[in-house]
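Geometric and topological summary
Here is how the chains run, residue by residue.
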Amino acid sequence: MPSQQVVAPFRYAFRAMASEHELQLWTGDRASADRAARVAIADVLRIEAKFTRYRDDSVTAAINRAAGSAAVPIDAETAALLRYADHCYALSDGRFDLTSGVLRRAWDFRRQPPRVPTDDEIAAALDLVGWTRVEWDEHSVRLPSAGMELDFGGIGKEYAADRAAVLCIDHGIRHGFVNLAGDVRVIGPQADGTPWRIGIQHPRQANAVVGTVELIEGSVATSGDYERYFEAGGRRHCHLLDARTGRPVAHWQSASVVAPLATLAGSYATIAMLVGADAERFLAQQGVDSLLIAADGARVCRGPSFRS
Amino acid sequence: MSTKARKVRPAAAWSVAVDVAATKSPDDARSDRERSAALIVAALALPGVLPTAAGAQAAPDEGVIALRYYDFRDWQPGAVRMSVRSPSLYALVPLGENLAFEGTLVHDTMSGASPLFHDTLSGASGIGVTDHRAAGDARLTAYIDGNALAAGVAYSHERDYVSRAASFEWRRWSDDRNRTYAIGWGAARDRIDSTNGVATNRRRETYDMLVGLTQVLNAGAVVETSLTWSQGRGYYSDPYKLLDARPERRRTVSWLTRYHQYLPRMDATVRIAYRYLDDSFGDRSHMVEASWVQPLQSGFTLTPTLRYYTQGAASFYRDPPFPRGFVDTEHHTADTRLSAFGAVTAGLRIAKVLPGAVTVDVAFNFYRQKPAWRGGGGSPGLDDFSARWIEAGIEKRF
């Protein structure tokens, strides 16, 4: 008979992808929690190292370096992410674009003092945006113009959250969750079977929640205009840029979505932010529960998952 | 998903609609649904975002190697009776994703009393004897779809006693992983050749059956209960005793229940266990045990344990002075381990996790046995009996 210890919480905080993350694993012994956490955190760091733009030895850097010249060989994981991004592009009618990272050249959110770029600057950056021009298949990818860039930032963190949760499950963890900078993937319910209560960050008040979601499985992810932004000319300019216009979205303060995978929840939330006034229809079409906070602070709730 | 690689394809096979909000034709709606479904399919195709069937098992992914040392000594008023020193080596080796091997090697050195048993009326009393036992077991466990199937063999050898055993176990987890079922079967064949020539090529066969259930009750509590039925036939007597004749058949049924409760405020766990055993030799025993597992800030874990055990006498146990009332045609023994008594064990285990996935632990146990500690009174005319054992271990995961 296997001897089983009581289920107790083990928490792990770590930093990766320029954000704070947390694992909460409920299991019988510290050793198995430590083991699962070690493997899960290592995988998050692996994904960061592989897909970050900030390291010369990353896959992303290699692809971007070769822009305008040769195709770069890719592995199955990279190809699967490209395929997923391809479908995000389709579903967002081109607003979500893996090549839109170059818009940062016009919109520099780190610049002090910040400034709104000129139309010409935006147009110049937009010339290098265009997922449909990317030549890719299962084995290689090529950016056709020098200066074009791929950026996996829009999906990498959520993908990492899904993998971290599954690695914990594969290592015998049945209760707990992964929280990568606010994108939560549940490993399994609380040990007594009850759901986790996950607060949704208020987009304008740092220590307040704007709603609560209860999950026994699956994921909730939030996209908001408060993550990176600057204010100029009485307007908030956030980091969520519509790849078609090259300009920040302004219709919602935040969008939170419940989906089976963090990857999906994150994409739905981002696309909801990007499609603006069409977000409610878009989310209804995906059949997901969601909580939208409008520019004036009004709550638009869909489905039974979210509570105020 | 398309599996065939296409060389240089356009990234998206549709035109970007400038305004999708207002009017939608049925074709557009169908296209919307297809795009929604395609995204989900693409997400599910990402590697490692859903648990795999293989991953749903509890197959160990790390190996363990552990070295343990066990030192036992018992005594009665006026005499140190017997001591056992026993180093052992344990290894757990994952073999691929769904298979694990476990093995143990033990070497015991026993000195003091008789080679086989120790007893106040031993026929070999007064002559110090040192015996050695070498034992090993091996077990292979396969993890398949929420099931674990284990097969094991064990072998033990000492000068007057050889034992061979085999076992099978099937464990199954519920889908929510909160419940585990277990069924086990075991068989052992022993051969006794006593050094004094009393028993020559005497045999014993034992068969065991186990059914068990482990249930997670809530966030802090787990209960485990199991029933073990054992049936044996063969030579049960002690060849080193002057007069010892025991039944050739033995049946025991034992029921074990363990309850573990985590106490969040103290960051401690309480473990309570109870075991009841019914023996066809005529005695029944009860064991209750309570432990407190207290992790400390320093990385140490302290586990004090208190155990109470009591048993009745076997129907053929004869009180001293034996052989008073001896009848040759009846089963009889003066083995005090088959007398009626109560016993208390107090123990403390100290464990510490070191860097490099190494755990060291040391445990001290003191045992005191008195006939009077049995509720309703124990067997008359017996001395108290004491023992202590120390265990130390070091374990490394890799």
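Residues numbered from 1 in each chain as written. Chains lettered and ligands numbered in written order. Predicted model: local features only at pLDDT ≥ 70, side-chain atom pairs only at ≥ 80, totals over all residues.

**Here we look at the overall build of chain A**
Applicable threshold: In this description a helix means any DSSP run of H or I spanning at least four residues, a strand means any run of E spanning at least two, and both kinds are numbered starting from the N terminus. Counts of 20 or more other C-beta atoms within 10 Å of a residue's own C-beta define buried residues, counts of 12 or fewer define exposed ones, and intermediate counts define partly exposed ones; C-beta atoms are placed from the backbone. The contact rule is simple: place each C-beta atom from the backbone, and if two of them lie within 7 Å, those residues are in contact.
On a plain count of helices and strands, chain A comes out with seven helices and 18 strands. For chain A, buried positions account for 53% of its 308 residues. When contacts within chain A are restricted to residue pairs at least 6 apart in sequence, long-range pairs at least 24 apart make up 58% of them.

**Focus: the overall build of chain B**
Of the regular secondary structure elements, chain B holds one helix and 16 strands. Looking at the 398 residues of chain B, the share that counts as buried comes to 19%. Considering only residue pairs separated by 6 or more positions, chain B has 56% of its internal contacts joining residues 24 or more positions apart.

**Side note on the environment of A:Ile198**
Residues and elements named next belong to chain A. Examined against the element boundaries, Ile198 turns out to sit in strand β8 (residues 196–201). By C-beta crowding, Ile198 is classed as buried, having 23 other C-beta atoms within 10 Å. Contact partners of Ile198, with chain neighbours within four places excluded, come to Val184, Thr212, Val213, Leu215 and Val220.

**A short note on the sheet that holds strand β9 (residues 209–215) of chain A**
Note: strands within a sheet are paired through backbone hydrogen bonds, in either parallel or antiparallel orientation. Residues and elements named next belong to chain A. In plain terms, the rule: Between any two strands, pairing holds if DSSP finds at least two bridges.
Taken together, the three strands give an open sheet; going across it, the order is β8-β9-β18, and neighbouring strands pair in antiparallel fashion. Two strands close off the open sheet at either side, each with one partner strand: β8 and β18 (306–307). Bridge count for β9 against β18 is two bridges, and the pairing is antiparallel. Counted as the bridge partner of Thr212 is Arg307 from β18.

**What about the environment of B:Met82?**
Residue and element names in this part refer to chain B. As for its placement among the helices and strands, Met82 is situated in strand β2 (residues 79–94). The buried category is assigned to Met82, around which 21 C-beta atoms lie within 10 Å. Sequence-wise, Met82 and Ser111 are 29 residues apart; in three dimensions their C-alpha atoms are separated by 5.7 Å.

**Remarks on helix α1 (residues 30–51) of chain A**
Residue and element names in this part refer to chain A. For the record, the criterion: The span expected for a helix works out to 1.5 Å for each residue beyond the first.
The terminal C-alpha atoms of α1, which comprises 22 residues, lie 31 Å apart, in line with the 32 Å expected from a rise of 1.5 Å per residue. Listed as buried for α1 are Ala33, Arg35, Ala36, Ala37, Ala40, Val44, Ile47 and Phe51. Looking at the buried positions of α1, the neighbouring elements they touch are β1 (8–16), β2 (19–27), α2 (59–65), α5 (153–170) and β6 (175–180).

**Digging into the confidence of the model for chain A**
Just so we agree on the cut-off: As a per-residue quantity, pLDDT reports the predictor's confidence and falls between 0 and 100.
In the predicted model, chain A carries a mean pLDDT of 90, and 98% of its residues have values of at least 70. Every residue in residues 1–5 of chain A is under pLDDT 50, and counting partners more than four places away or in other chains gives 16 contacts.

**Focus: helix α6 (residues 262–275) of chain A**
Residues and elements named next belong to chain A. The first and last C-alpha atoms of α6 sit 20 Å apart over 14 residues, in line with the 20 Å expected at 1.5 Å per residue. Buried residues dominate α6, accounting for 14 of its 14 residues. At the exit of α6 stands Gly276, carrying a positive phi of roughly 60 degrees.

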